[in-house]
Amino acid sequence: MKKISGLLCLLYLSITLTAQDSGPKTGSTGLRLRDPFKQLEEELPTPNTYRTASGAPGHEYWQQQADYKMQLQLDDNNQKLYGTETITYTNHSPDVLTYLWLQLDQNLFQKNADAQLTRTEKISEGRVYYNDVLRQFSDYDGGFKIEYVQTTDKKPLKYSINKTMMRVDLPESLKPGGKYSFSIKWWYNINDRDKVGGRSGYEYFPDDKNYLYTIAQFFPRMCVYNEVVGWQHKQFLGAGEFTLPFGNYEVSLTVPADHIVGASGVLQNPNEVLTQEQRQRWEKAGQSFDKPVLIVTQAEAENAEKTKNNESRTWVFKAENVRDFAFCSSRKFIWDAMAVNIGNNKRMAMSYYPKEGNPLWEQYSTRVVAHTIKTYSKYTIDYPYPVAISVHTKNIGMEYPMICFNGGRPEKDGTYSEGTKYAMIGVITHEVGHNFFPMIINSDERQWTWMDEGLNTFVQFLTEQEFEKNYPSRRGFAWKITDYMKSDKSTLVPIMTNSESLLQFGNNAYGKPATALNILRETIMGRELFDYAFKEYCRRWAFRHPTPADLFRTMEDASAVDLDWFWWGWFYTTDNVEIALEDVKWMQPSTQNPEIEKPLSEQKEKNSPEYISEQYYQAMNPEPLMTRDPMVKDFYTSYDKFKPQKWEIAEYEKVAATLTPEEKKILSAGYNFYELQFKNNGGLVMPLILQFEFTDGTKEIRKIPVEVWRYNAEKVTKVFMFEKEVKEIVLDPYLETADVDVSNNYFPPKNVPTRFQLYKGNQWGKWDSDGNENPMQKAKQK
């Protein structure tokens, strides 16, 4: 740390910083730097009567509705699903519609589907991934088999299938406010997830020769029509998920008589499909708020695995105001449930799992479901649906209204690793959380993956941290995203990239936006402002279709915090945070009192190398000419430059008489002034969070808002004043800002090992917990 004395003189008591030009700056390369505080309005769509400048739905906001009545039959012998559906489509738009578009998601598995043809593979070191080969040579006959599309009075309707989309031409135009009903009959071969992949499908258990079905995207579903994109019928390539309108569902599921079925919605005929004992257990579960109650026990499930009833039974479910429907079915299911109070309403948390999921699932699954909907309700809106269900699968995680499919399977002997346990808890939390994003706050997944995955991963992080102290969350902490942020730019795209074009999908759509929101909450806005604004976004757009602009605008509207710089940097660029504490200067004010300053100057000079050198040479030459010849002496020979002169004292007293008591106090207090220079190497501007440690061992945190960069996004200087002397300065001491290189965050400079060095250090004990060389290791070496 460099100390400069006397720079703050008596005549300049106020500290004047160097004026900073507010015009565009150029970097070291001479290129014009992007203005990080450019207003986002240039990029966002123009507000209108449908979506306001505040981020709220406008007074003319509208959205369509699609209601379904379905009759389904599960063929457990041949793994086929047959269905008929009647759709009633309500046109709330101001537009006249001459056709309707539906999604045929199962066509993703057709031979020569775009998803297969556009998937890239490579042979690496003479090897190719088995699944890549398997897909090309599989004899699986996937995709919908459409038997008819017809009016409700059974007249054929003209339709056209384009890959994963189907257009139904209306016999008459559908006017604003009108409704139209039509029917579709279809079937398809259910996919084996182990062999074909997929978000839904079946798993076969060879030991007991049974199937477990987790079924979704199983019926032709209406596309969204809105004022943003018109019909959202972008082809399904596998990555960009689903964009769906809300509606009401009534679904009849005919399955083998010994199957247990779980589904979106509420069971309508329990007396017909459940035994009296199961119904009694269900009633007991509805009064149990502290632990799950088994409705189907493991012993009962194992018995059903062996007996295999060949008769059938129909389960009927109703779901209101949902955007989709999914179900699970198997004779292997254990089923438990418990009640959860959300606001003034009781909700049921439930789990369906085979014996292969125990002991983990019986102990954790339903408890995690309950914890998740309670915690999400605190940060968003009260969970509105009557049930929330977690279904066991081998290794996937997928979400639908009120039901989700989750991995996490112990070893065959019932043992499990810590990683398996936390992965299971994490995926259940995440997939149950998807009830809020996008099932309720219903964003366009086909266009923007991050709007549901990123927001959901953020609230998942909050929920995990409330599940267990020091929960090992995969994503959310700022420091965990730094490796991604500093990776090769050719492997990065902005968050605001279409779902099908993302690179590093998990980091881009899950990790980075979740981390950004956590930084926004903890470091930029503060929890109170952030939580209010985030809840307002959720409240405004519950059961509606928000866009990125609606989120960005609402967060500012409800907080009075200008966040355009944040959305620009984090969501529209691939810049990273790399701010260096480049230089520190230490200054103390001069009192200008010669009786104080001259003795200090004498002491300083006598400690200087120059003075010491002079004394050395004088000792070597004890009788210079001046000591032998008095005629060479004059005033300056005997003048003591360190002794205050009368005229100097008088001059000081004259000036001192003009000082106020406050100014005299500052001059005599001995304050320490520190000029810090920061350099922005990564492109993203962020607040400056500084920890000052003083020579007496105390510490102080200072936080400088991000606007300190508004005049110069490359370099800034800032002066700090303390009564005490500073020993050490640390930039971003708690790793809040996702700084990708913390080695230049210390003054005096500090040796910070790389992760590789830490890894080796952990092996050999070279580094201590602060990243310094371990003195004990040196002793060992000696």
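Residues numbered from 1 in each chain as written. Predicted model: local features only at pLDDT ≥ 70, side-chain atom pairs only at ≥ 80, totals over all residues. Heavy atoms only, no water.

Considering the overall build of the protein
Scanning the protein from N- to C-terminus turns up 22 helices and 31 strands. When each of the 782 residues of the protein is scored for burial, the buried share is 51%. Long-range pairs, those at least 24 residues apart, make up 74% of the contacts in the protein with a sequence separation of at least 6. Working note: accessible area of the protein is about 37700 Å², and carbon and sulfur atoms make up 49% of it. (Helix = DSSP H or I, 4+ residues; strand = E, 2+ residues; numbered from the N terminus. Buried < 20%, exposed > 50% of the residue type's maximum accessible area, 1.4 Å probe, protein only. Contact = heavy atoms within 4.5 Å. Areas by Shrake-Rupley, 256 points an atom, 1.4 Å probe, with all protein chains shown as cover.)

A closer look at helix H14 (residues 564-571)
Of all eight residues that make up H14, eight are buried, and the element is covered over most of its length. Residues of H14 that are buried include every one of Asp-564, Trp-565, Phe-566, Trp-567, Trp-568, Gly-569, Trp-570 and Phe-571, and no others.

A word on the pairing of strand S10 (residues 210-215)
Regular strands show a simple pattern: their side chains alternate between the two faces of the sheet. The element S10 is extensively covered by neighbouring structure, given that six of its six residues are classed as buried. Alternating residues of S10 divide into Asn-210, Leu-212 and Thr-214 and Tyr-211, Tyr-213 and Ile-215, and every residue in both groups is buried. If you look at the hairpin formed by strand S9 (residues 201-205) and S10, you'll find four residues sitting between the two strands, and Lys-209 has a positive phi there, around 55°. (Pairing = 2+ DSSP bridges.)

What to know about helix H12 (residues 527-541)
For H12, which comprises 15 residues, the first-to-last C-alpha distance of 21 Å matches the rise-based estimate of 21 Å (1.5 Å per residue) to within 8%. Every buried residue of H12 is listed here: Phe-530, Asp-531, Ala-533, Phe-534, Glu-536, Tyr-537, Cys-538, Arg-540 and Trp-541. Contact partners of the buried residues in H12: helix H7 (360-379), helix H9 (450-467), helix H11 (505-525) and helix H13 (548-557). Positive phi shows up at Phe-543, right after H12, with a value of about 65°. (Expected span 1.5 Å × (residues − 1).)

Regarding the packing of aromatic side chains
By convention here, two paired aromatic rings are described through the distance between centres and the angle between planes. Tallying each qualifying case throughout the model produces 59 aromatic pairs. On the numbers, 6.3 Å between centres and 90° between planes, the contact of Phe-467 with Tyr-471 is edge-to-face. A network of ring pairs unites the aromatic residues Tyr-68, Phe-144, Trp-186, Tyr-188, Phe-218, Phe-219, Tyr-249, Phe-325 and Phe-327 as a single cluster. Taking NZ or CZ as reference, Lys-145 lies 5.7 Å from the ring centre of Trp-187, over its face. Between Arg-221 and the ring centre of Phe-242, over which it is positioned, the NZ or CZ distance is 4.6 Å. (Phe/Tyr/Trp six-rings, centres within 6.5 Å; stacked < 30°, edge-to-face > 60°. Lys NZ or Arg CZ within 6 Å of the ring centre and 35° of its normal.)

A short note on the packing of H12 against H13
Two elements in contact, H12 and H13, have axes whose closest approach is 8 Å; the angle formed by their N-to-C orientations is 135°. In this view, H12 runs oblique relative to H13, as classed from their interaxial angle. Handedness of the crossing formed by H12 with H13: right-handed. On H13, the residues that touch Phe-530, Ala-533, Phe-534, Glu-536, Tyr-537, Arg-540 and Trp-541 of H12 are Asp-550, Leu-551, Thr-554, Met-555 and Asp-557. (Axes fitted to C-alpha atoms, helices over the stretch in contact; angles between N-to-C directions. Parallel < 35°, antiparallel > 145°, perpendicular 65-115°, else oblique. Left-handed = near helix turned anticlockwise from the far one by under 90°.)

Remarks on the sheet that holds S9
A sheet is described by the order of its strands in space; here four strands give the open sequence S9-S10-S19-S15, paired in antiparallel fashion. Looking at the sheet topology across the chains shown, the edges are occupied by S9 and strand S15 (260-263). Each adjacent strand pair in this sheet contributes to an overall mean axis angle of 10°, direction not counted.

Section: the side chain of Asp-324
Within the secondary structure layout, Asp-324 lies in the loop between strand S18 (312-322) and strand S19 (327-330). Here the side chain of Asp-324 touches Arg-221 through a polar contact of 2.5 Å, side chain to side chain. The contacts of Asp-324, once residues within four sequence positions are left out, are Phe-219, Arg-221, Leu-244, Tyr-249, Ser-264, Tyr-400 and Pro-401. (Polar contact = N/O pair within 3.5 Å; in protein donor to acceptor, adjacent residues only side chain to side chain.)

Structural notes on the confidence of the model for the protein
Confidence in the prediction for the protein averages 89 pLDDT; 86% of positions are at 70 or higher. Taken together, the stretch residues 2-32 has pLDDT below 50 and engages in 50 contacts with residues farther than four places along the chain or on a different chain. The low-confidence segment residues 762-782, where pLDDT is below 50, has 24 contacts with residues more than four positions distant or belonging to other chains. (pLDDT = per-residue confidence, 0-100.)

A word on the pattern of salt bridges
Two side chains bearing opposite charge may form a pair once their charged atoms approach each other closely. Counted by the stated rule, this structure contains 36 salt bridges. Notably, a salt bridge pairs Glu-42 with Lys-38, separated by 3.4 Å at the nearest N-O pair. On the accessibility criterion, Glu-42 (61% relative accessible area) is exposed. The exposure class assigned to Lys-38 is partly exposed, which follows from its relative accessible area of 32%. Ionic pairing is found between Lys-724 and Asp-696, a salt bridge with its closest N-O pair at 3.4 Å. Residue Lys-724 is located in the loop between strand S29 (715-722) and strand S30 (726-731), and its partner Asp-696 is located in the loop between strand S27 (688-694) and strand S28 (699-704); the two are separated by 28 residues in the primary sequence. Linked through salt bridges whose partners overlap, the residues forming this network are Asp-208, Glu-305, Lys-332, Lys-355 and Glu-356. (Salt bridge = Lys/Arg side-chain N within 4 Å of Asp/Glu carboxyl O.)

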